[in-house]
Structures are given as structure tokens and as C-alpha cells.
Amino acid sequence: MKKAASHDSVNISRRILLKGIAAAPFILSSASTWASIPAEPDVVIIGAGAAGLGAAKTLTDLGISFIMIEAQARTGGRAYTDEHIFGIPYDMGCHWLNYDDANPWYNYGKNNDFTIIPEKNDPYGLFVGNRPATKIEMKAYDKEWDRFSDRICRAAEGRNPDVSPAEAMEIDNKWKFLVSYIRGPLGMGKEIDEWSCKDWYWSGSESFTTFCNEGYGSIVAHYRRNLPVELATPAQHIDWQGSGVKTGTPKGTINSKAVIITVSTGVLGADKIKFTPSLPVVKQESFQYVSMGTYNNVALQFSKDFFGLGPDAYVDYVNEAGTEGGGMLTNMGGTNLSYVYSGGDLGRELELAGFEAGVEWGLNEVVKAYGSDAGKYFIKGNFTRWGEHPWTLGSYASAKPGYWHMREELRKTVADKIFFAGEATHPKQWATCGGGILSGIDAANNVAKTFGKR
Ligand SMILES: Cc1cc2nc3c(=O)[nH]c(=O)nc-3n(C[C@H](O)[C@H](O)[C@H](O)COP(=O)(O)OP(=O)(O)OC[C@H]3O[C@@H](n4cnc5c(N)ncnc54)[C@H](O)[C@@H]3O)c2cc1C
């Protein structure tokens, strides 16, 4: 397994790194509205990420009363743009707007004057060792990439057993590591023997992708601006005995007819919300089988675009032996901020190694591909560690091999009053911010049907 970079390979000033972190406004203050919220709303929405916000907007439009409670002192969840660490928009979670206009955030962003730009596929870079790949290497890599994707789709067909990509894999050449690393740890947040081909297959076809210069999280924050939310109010307990539901929080208990739970399967699987009576066993199992992967960005701010590929160019890189490598998004929006991605086992190892080790590793990856001059232009870095984030406990979810059917269990309503939403519950756009909002809208519409309002 690949190890984090040695500490003396790149000299990063601890002071510079900490300065970036200290400036980050992770906690946004908000006056409590607790005293003025309805005592007995129709619905409690738990979590104010993409899914919770989608549910809240839909219930508002349907005239169904609700309280949305959020554990953190800010909204957005995994969709969050920070503007303080680097002084420019920096997406700490989602950054790519996937699925073109099948993703509601795409049109919402366009209609609200955000700068939405298409992902650029040309030039996109492949580095081998510390040199650009030859045309022959590019072609060979593309071919193996397509072959692997095709194998996953074929393995997932019809009544085939629910296997992992590792079992379906045919590549055994120089590109094996890179193709599996980009598809696995950097795609799913898991190694290629840890997720189900059928689950991936049913996620739907790949479509064109865009970026938002102001940050994906800024679009989500804009959508939230007229929706009421009670911040710093974690749901601790859900009592669904008898009629209605009682949601226990540190500020008191809320009685409602129904609840929409949008928290990650990481949070649900860690029993951070207790249920009385316990949820059905199959539901509890679904939290474990549709489990969170690890995927993070190491954001590096440079003083110049030494990559030379222009804004928003994605670069894959691999060593000459084909045994180590990864992916990075360079010069985002022309700001000289770049992401080096980590995921899977290595990603988890880095999360545990800590902030500085992560930044150092990221810079070292750039140096490996672009030479030590990269260090000269380095200003400061940041490392997201979503697996350590108490209200997420991972990056996004996927089904383990043999358990893709558990996604359906995950989204099933319990007793016509406990509704489940969140990216992991969406049948097609799971793992994405678009899947998040769509799942919230679906859950709110299902609540309305149960109330006889649709
Ligand atoms: C590093 C990274 C990169 C990503 N890149 C992309 C990308 O490029 N494109 C893309 O589309 N997607 C991407 N994603 C995934 C995307 O960010 C998520 O799928 C999406 O934001 C999830 O939204 P959600 O509402 O389902 O969950 P969340 O955003 O996790 O929202 C759930 C909310 O519930 C709150 N909560 C948790 N427990 C409680 C509790 N007990 N009580 C009250 N509130 C609680 C949380 O604080 C959170 O705000 C990325 C994710 C990560 C981590």
C-alpha cells in the first residue's frame, strides 16, 4: 500500500498551514429561532444538506408545515464553499456538477447568475513519471479505461452475481493500477474489491459535467436563503411508538406526524440517532451495507499556473513502473488553486495521519509529476478529512459487493412516518449533490402522498 510522503521530502511551514485553518469560518453564527418555531409541525426534517433543503423547499411549496433541524452551526453539509482559507471560493465537498440538467443544481445555478462552465476534456493531462505521456501511452490508457468500464457494465448485467470490479477486471498491464485507482478510490472512495458492479451500473450513464466558478456550495447556500432552519440542533432520539413521531434534541422534543431523515449512512450506521423501538433489522443492515467511502481533496494554492494547461484541467499521473499515481484538478477557475485527490485505503490512512501529513502528501504528489519547482510556487494548503467529520463520517456511500439491493431497503419508509432521503438513497444519482436534492424532493412528495395531499 502507498504510504504518506515522508516529512522531510517537502518543507511546508506549519505556521502557513495553521494560518489558513484559523481563518476558516467553520462555525457560522445564527440567532436561535427555537422559541418561534411551530410546536407541532407536520414534519421534522433532520439535516440541512442538499437533501434536507430539497425536502424543505418542496414541503413549503405543498403548504405542509415543518421544522428543519441541523446539527452543525451552518447548512450545506457536504456541499460547502469556503471563501476564507484561500480568499477565493473553495469547495470543501462537492465540486463537479454531474448529470447535466438531470441535476437540479445545474439549472438552479444558471438561472441565478452563477458562472457555470463545462468541464474541459481537452487538454487533459496524463503524466508518466515526471513527463507528459506520449500519444501512444495516452491511447493505451484510454483503451484500458474503456475496457474496464465496459467490464463493470457487463458484470452487472441481468442475473449475473453481484460481484466487485476486482472480480470482473481483465487488465494486467502497466495501466492496471491507475485505472483501478481512479475508478475505485478516487471514484467510489473504496478499493475495487469493496463495491458492487451492479450498484455502479445502475447509477446510470455518464453525462456532461460542469463547474461553478463561485463554488458548488455557494449554489446550495443560495437555495437555502429563504428556508427556515434551526442550527446547532442535532437529533438524538426518535421515538416512533404510537401515533406520530417524537424527535429528541438537546433543546427539547418536537412532536410531528412524520420525520424525514437525510443524514449520511455513516451517521446512521454509527447509531448517532437512537430509535425507540429499534428500526427493522433489514433497515439497520442497509446502513452498514451501503457504507461510506473515503475521498478527500488536498487543496494547494500556488502563485502561478506552472501546470500550463489553463483553467480546470484534470491530470492523471502514474510512475514509470505503473505502481503509484492518482488524479488532480489543476488551476481551478484560473485561480491557481489545485486539488490533489486521495481516497480508499490510502485516503483513510492520510485522514488518520492528520492535516499536515495530508497537505504534505498532496504537494509531494505534484512534485513527483511536475518536478521540485512546484514547491517553489506553493503558498498554502488545506486537507479535508470527511471521515473524521462527526456529522458525516465519510465522503459518500456505495453498496458492498453482494448487497446492491440494500440501497432499496435504505430508502424504504418505515411505518408510513419515518422517511429516508440523502444522496445514498437516490437510485441513480447517488453519491452526488444532485442525488441529494432529488432524494429530498422525493421524500417530501411521499410524505404529501401519505398525508393525502397528492
Ligand atoms: C470531498 C467530497 C467531494 C465530493 N465531490 C462531489 C462532486 O464533485 N459532485 C457531486 O455531485 N457530489 C460530490 N460529493 C458528494 C456530495 O457532496 C454529497 O453527495 C451531497 O452533498 C450529500 O448531500 P446530503 O444532503 O445527502 O447529505 P449531507 O450533505 O451530509 O447533509 C446531511 C446533513 O445532516 C446533518 N446531520 C448529521 N447528523 C445530524 C443529526 N443527528 N441531527 C441533525 N442534523 C444532522 C449534517 O450536518 C449535514 O448538514 C463529494 C463529497 C465529498 C465529501
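Heads up: the structure comes first, above all this text.
From a predicted model like this one, the values you see are computed outputs, not experimental measurements. (Residues numbered from 1 in each chain as written. Predicted model: local features only at pLDDT ≥ 70, side-chain atom pairs only at ≥ 80, totals over all residues. Heavy atoms only, no water.)

Draft legend 1. Seen up close, the overall build of the protein. Counting its regular elements, the protein contains 15 helices and 21 strands. Put simply, the protein has 454 residues, and 57% of those count as buried. Per element, the accessible surface of the protein, about 18600 Å² overall, is 52% carbon and sulfur. (Helix = DSSP H or I, 4+ residues; strand = E, 2+ residues; numbered from the N terminus. Buried < 20%, exposed > 50% of the residue type's maximum accessible area, 1.4 Å probe, protein only. Areas by Shrake-Rupley, 256 points an atom, 1.4 Å probe, with all protein chains shown as cover.)

Draft legend 2. Local environment of the environment of G266. Examined against the element boundaries, G266 turns out to sit in helix α9 (residues 265–269). Taking relative accessible area as the criterion, G266 reaches 13% and is therefore assigned buried. G266 sits 125 residues away from W391 along the chain, and the two C-alpha atoms are 8.4 Å apart. Aside from chain neighbours lying at most four places away, what touches G266 is M292, T392 and L393. (Contact = heavy atoms within 4.5 Å.)

Draft legend 3. Up close: the nonpolar core. Counting residues in hydrophobic clusters, the biggest one holds 69 residues, and the most contacted among them are L300, F302, V366 and Y370. Look past the residues within four positions of F302 in its chain and what remains in contact with it is F307, N336, S338, L363, V366, A374, Y377, F378 and I379. Counting residues in each nonpolar core, the second largest holds 38 residues, with A50, W105, I260 and I437 among its members. (Core = buried A, V, L, I, M, F, W, Y, C linked by side-chain atoms within 4.5 Å.)

Draft legend 4. Representation of the sheet that holds strand β11 (residues 252–256) within the structure. Across the sheet, 4 strands lie side by side as β11-β10-β9-β13; this open sheet has mixed pairing. Each end of this open sheet is capped by a strand with a single partner; those strands are β11 and β13 (274–276). Averaged over neighbouring strand pairs, the angle between their axes works out to 20 degrees when direction is ignored. As paired elements, strand β10 (residues 245–249) and β11 share 5 bridges and run antiparallel to each other. Across the sheet, G248 pairs through a bridge with T253, a residue of β11. (Pairing = 2+ DSSP bridges. Axes fitted to C-alpha atoms, helices over the stretch in contact; angles between N-to-C directions.)

Draft legend 5. Local environment of the pattern of salt bridges. In total, this model carries 20 salt bridges according to the counting rule given. In this structure, K257 and D42 form a salt bridge, with 3.1 Å as the shortest nitrogen-oxygen distance. In this pair, K257 sits in the loop between β11 and β12 (258–261) while D42 sits in the loop between α1 (14–22) and β1 (43–46), placing the two residues 215 residues apart along the sequence. Residue class for K257 comes out partly exposed when judged on its relative accessible area of 49%. Residue D150 pairs with R154 through a salt bridge whose shortest N-O separation is 3.2 Å. Of this pair, D150 and R154 both sit in helix α4 (residues 135–155), 4 residues apart, which is roughly one turn of the helix. Beyond isolated ion pairs, a larger network of salt bridges with shared partners links R131, E137, K174 and E320. (Salt bridge = Lys/Arg side-chain N within 4 Å of Asp/Glu carboxyl O.)

Draft legend 6. Expanded view of the packing of aromatic side chains. Applying the stated rule across the entire model yields 26 aromatic pairs. Summarising the aromatic geometry, the rings of Y141 and W145 are spaced 6.4 Å apart at their centres and angled 55 degrees between planes, so their arrangement reads as tilted. One end of the pair, Y141, and the other, W145, are both in helix α4, 4 residues apart, so they sit about a helical turn from each other. In textbook terms, an aromatic cluster arises when at least three aromatic residues are bridged by ring pairs, as seen for F86, Y90, W96, F211, Y295, Y314, Y339, Y341 and Y396. The ring of Y80 is capped by R74, whose NZ or CZ atom sits 3.9 Å from the centre of that ring. Its guanidinium or amino end placed over the ring of F420, K283 lies 3.9 Å from that ring's centre, counting from NZ or CZ. (Phe/Tyr/Trp six-rings, centres within 6.5 Å; stacked < 30°, edge-to-face > 60°. Lys NZ or Arg CZ within 6 Å of the ring centre and 35° of its normal.)

Draft legend 7. Region of interest: the pairing of strand β17 (residues 325–330). For β17, the tally of buried residues reaches 6 of 6 residues, placing the bulk of the element in the interior. Here β17 shows a buried face lined by G325, G327 and L329 and a second buried face lined by G326, M328 and T330. As defined by bridge partners, strand β16 (residues 313–318) adjoins β17 across 6 bridges and the pair is classed as antiparallel. What sits directly across from A313, in β17, is T330. Connecting β16 to the antiparallel partner β17 that follows it, the hairpin turn spans 6 residues, and G322 within it adopts a positive phi of roughly 75 degrees.

Draft legend 8. Representation of the sheet that holds strand β2 (residues 66–69) in the model. Here we have 4 strands laid out as an open sheet, ordered β2-β1-β12-β21, and parallel in their pairing. Lying at the two open borders of the sheet, with one neighbouring strand each, are β2 and β21 (418–420). Each adjacent strand pair in this sheet contributes to an overall mean axis angle of 20 degrees, direction not counted. Helix α2 (residues 50–62) contacts β1, β2 and β12 of the sheet and is inclined by roughly 165 degrees relative to β2.

Draft legend 9. Examining the site of the ligand more closely. Of all residues adjacent to the ligand, which total 38 residues, the nearest are E70, Q72, R78, W96 and E423. One nitrogen or oxygen atom from the main chain of H95 is found 3.0 Å from an oxygen atom belonging to the ligand. The side chain of N98 places a nitrogen or oxygen atom 3.4 Å from a nitrogen atom of the ligand. Relative to its unbound accessible area of 1000 Å², the ligand is 98% covered by the protein chains. (Near = heavy atom within 4 Å. Polar contact = N/O pair within 3.5 Å; in protein donor to acceptor, adjacent residues only side chain to side chain.)

Draft legend 10. Summary view of α2. Over its 13 residues, α2 runs 18 Å from end to end, which matches the ideal 18 Å to within 8%, given 1.5 Å per residue. Every buried residue belonging to α2 is among A50, A51, G52, L53, G54, A55, A56, T58 and L59, and all of these are buried. Lining the buried residues of α2 we find β1, β2, α3 (104–111), α8 (216–224), β12 and α15 (433–450). (Expected span 1.5 Å × (residues − 1).)

Draft legend 11. Main features of the environment of D172. Checked against the element boundaries, D172 lands in the loop between α5 (165–168) and α6 (176–188). Residue class for D172 comes out exposed when judged on its relative accessible area of 65%. Once the C-alpha coordinates of D172 and E144 are considered, the two residues, 28 residues apart in sequence, prove to be 9.7 Å apart.

Draft legend 12. View of the pairing of strand β18 (residues 337–343). Counted residue by residue, β18 has 7 buried out of 7 residues, so it is predominantly covered. Judged by which residues are buried, β18 turns out to be covered on both faces: L337, Y339, Y341 and G343 on one side and S338, V340 and S342 on the other are all buried. Two elements, strand β15 (residues 295–302) and β18, share 7 bridges in a ladder whose sense is antiparallel. When the bridges of β18 are listed, V298 appears paired with V340. Strand direction decides the pairing type here: β17 and β18, joined by 2 bridges, are antiparallel. Residue pairing for β18: L329 is matched across the bridge by Y339.

Worth remembering: the numbers are spatial, not functional.
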